[in-house]
Amino acid sequence: MIENLNNRERSHSCGALRKENVGERVTLMGWCARRRDFGPLTFIDLRDRDGITQIVVNQEKSPAAHAKAKEVRGEYVLAAIGEVVLRDENARNPKLATGDAEVQATEIVILNDARTLPFQLDASDESLAAEDLRLKYRYLDLRRPQLQANLRLRHRMILEINRYMDQQGFTQIETPNLIKSTPEGARDYIVPSRVQPGRFFALPQSPQIFKQICMIAGLDKYYQIARCFRDEDLRADRQPEFSQLDVEMSFATPDQIYELVEGLFARIFELIDVELATPFPRFSFADVMRRFGSDKPDLRIEGMELRDLSASLAETAFAPYASILSARGEIKGIVVIGGASMSRKTLDELQEFAKRYGAGALAWIKLGDELSSSLLKALGHDTLVDLAGVAGAQKGDAVLIVAGKSDVVAASLGALRNEIARREKLIPANVFAPLWVTDFPMFEFHEDDGRYYSMHHPFTSPHDEDLPVFERAVNGETELFSQIRAKAYDAVINGVEVAGGSIRIHRRDVQQLVFKALGMTEEMARARFGFFLEALSYGTPPHGGIASGIERTLMVLVPTENIRDVMAFPKTASAQDLMIDAPGEVDAKQLEELHLKIVKG
RNA sequence: GGAGUCGUAGUUCAGUUGGUUAGAACGCCGGCCUGUCACGUCGGAGGUCGCGGGUUCGAAUCCCGUCGGCUCCGCCA
């Protein structure tokens, strides 16, 4: 029977009781995680966010409480009132923090009952219920201690960020969520205006413009933990709405930003008792792409760096390679230590893996007792020995080779490096390898519409010494665009991009040059960013900043591969909330007020 | 937009070459049990094999379509 709470007050959490509490009369409240029934003796594992305490109910000592305990089922909400008793030496449970003691209940109050749950909360990782079911019943899934721990870590991280940013002299400033759609970048989430027919707000992809406006306003050091919205297809580490620590400071050099962020991450990692070495090593974008095939390399993986084999094959008669090289492509390889024992099946799987990234094929050389290779007929024994040597392979190793356009070679070998490390368990646990990637290219070329786009965003400053080249590029020498470096930087930990930012353009003329480079006429630029160009002309200080993904960082801390593990109420890969069933339809009256009509697709 | 993969009891899964009554574990319900802590033990209930169509004497199994979850590519400044 369900009873009222009345004036009963909880005295301790379910994770609190220790030997020292023995003899105290306590009142615990929580959920029945498990009940073990021995007839006249019943045990209840009472759970709350802090832990589990064993409640003992003895029929002889407390018949009324025992009768209540018999009624209890899984996830019933209870108050257990009784005395803390020391467990017998041989009856202690070292798995529980409270395992030396237990509560001898004199009273059990059933505060609420519960239907049988749609899935079990105490399942092992392998037998965890399907994620869609858990998302539908998110309030049940969140009862699991692991998810609760993740959310509490998130809370402590955000507290630490606020404390640190305050100590560093930053002011927390909120920026609006109902803003204006700007082209470029991700797709916007759009909000129709009722008051302004036919007009729409957009939710911010990031507070970029506003943070810069704060600098123009002389606020000097801004930060906030901002909600960002991007209507793009999702991934294991992406959600349509997410949080980022957004930072901007005036008169900033990149070094000052690095130092600020390194200090912050050092503090954050203290939360998991990890001392993060600072300063982080720095690599240019060109270097990490050349050596690791990725702009976010996982430096926990030793070696397996990309080796350029193009020079050794410059004179090759093998037509596929010759044509790739003549088309300014590359041939690169990575060495898999001990890889000579890889089976044909494994190599086929790795080839399939590489093809996802556009690789035409994955060639291999195995240095077993005898050299074997998929290229034996094409290149001959001697060339292969030479290539293996250039790649740095030893006896017993294998070389995996991809030929093609440089971005395909980098992407496929870079991904292979991670994949092989994962398969071969070459990634050490509890190791954290941070780095800075600097000097990103200012622009990247998009094949589909044949023009250049900002790699970071259109407000990123080019390197001062690249300005003359930039001007030439804008004035017709478009092939120079790819040479211009931006004052942009990413912080990477364990192969995860945890922060990214740049020094911004503070000069109106340079900003206009970038808009022109992006194919905007002066009229277009004025229409889209006129207010901003105007703002730039009223004394804008040099400034720069960075943004750090809260969820990404938490994923590294936890650690987990699933962003939904570090958010309370995430959406599915198709951007739905299965609990509240969003997005939903709205009624005709709402549509009418918003001046909207649904057109069937 | 494309690809892969999964969908069978409340849950996690098994289910052979298409063939008798679709199984196991956990959970659930009931009995027994005074030191368990993943309690044990005895018994029981529980199935639109995601959905629709097709092939077949016969479909969880084969084919087509469709829906949903997850992952990846594209995309995400």
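Below is a summary of the structure that appears in this document. Because the structure is a prediction, the values reported are computed rather than measured.

1. Some remarks on the overall build of chain A
A count of helices and strands for chain A gives 17 helices and 22 strands. C-alpha atoms of chain A, sized along the principal axes, occupy 90 × 75 × 55 Å. With 601 residues in all, chain A has 47% of them scored as buried. Long-range pairs, those at least 24 residues apart, make up 69% of the contacts in chain A with a sequence separation of at least 6. Surface summary for chain A: the accessible area is close to 30900 Å², and the carbon and sulfur share equals 50%.

2. Some remarks on the protein's contact with RNA strand B
Taken together, the neighbourhood of RNA strand B is formed by 53 residues, with R34, E60, M455, H456 and H457 sitting nearest. When the atoms of RNA strand B within 4 Å of the protein are sorted by group, sugar and phosphate make up 56%. Separating a base nitrogen of RNA strand B from a backbone N or O atom of A91 is a distance of 2.4 Å. With respect to RNA strand B, the backbone of A130 contributes an N or O atom lying 2.5 Å from a phosphate oxygen. Mapped by element, the contributors of at least two residues to the surface near RNA strand B are β1 (25-37), β2 (41-48), β3 (51-58) and α2 (131-136).

3. Here we look at the sheet that holds strand β22 (residues 543-549)
Taken together, eight strands build an open sheet; the order of strands is β6-β9-β10-β22-β21-β20-β17-β11 and the sheet is mixed. Either end of the sheet is taken by a strand with one partner, and the two such strands are β6 (171-172) and β11 (282-284). Examined bridge by bridge, strand β17 (residues 434-438) and strand β20 (residues 488-493) share five bridges and lie antiparallel to one another. Across the sheet, T438 pairs through a bridge with Y489, a residue of β20. Across the sheet, helix α16 (residues 550-557) is in contact with β9 (221-229), β10 (241-250), β20, β21 (496-503) and β22; its angle to β22 comes to roughly 55°.

4. A word on the nonpolar core
Counting 40 residues, the largest nonpolar core has M165 and F269 as its most contacted members. Those elements that place two or more of their residues in this core are α4 (145-167), β10, α6 (254-270), β20, β21 and α16. With eight residues, α6 is the largest single contributor of residues to this core. With residues near it in sequence (within four places) discarded, F269 still touches V274, L276, F432, I493, V556 and L557. Judged by nonpolar contacts, the second largest core, of 37 residues, contains I216, V474, L480 and I505.

Calculation notes
- Residues numbered from 1 in each chain as written.
- Chains lettered and ligands numbered in written order.
- Predicted model: local features only at pLDDT ≥ 70, side-chain atom pairs only at ≥ 80, totals over all residues.
- Heavy atoms only, no water.
- Helix = DSSP H or I, 4+ residues; strand = E, 2+ residues; numbered from the N terminus.
- Buried < 20%, exposed > 50% of the residue type's maximum accessible area, 1.4 Å probe, protein only.
- Contact = heavy atoms within 4.5 Å.
- Areas by Shrake-Rupley, 256 points an atom, 1.4 Å probe, with all protein chains shown as cover.
- Near = heavy atom within 4 Å.
- Polar contact = N/O pair within 3.5 Å; in protein donor to acceptor, adjacent residues only side chain to side chain.
- Pairing = 2+ DSSP bridges.
- Axes fitted to C-alpha atoms, helices over the stretch in contact; angles between N-to-C directions.
- Core = buried A, V, L, I, M, F, W, Y, C linked by side-chain atoms within 4.5 Å.

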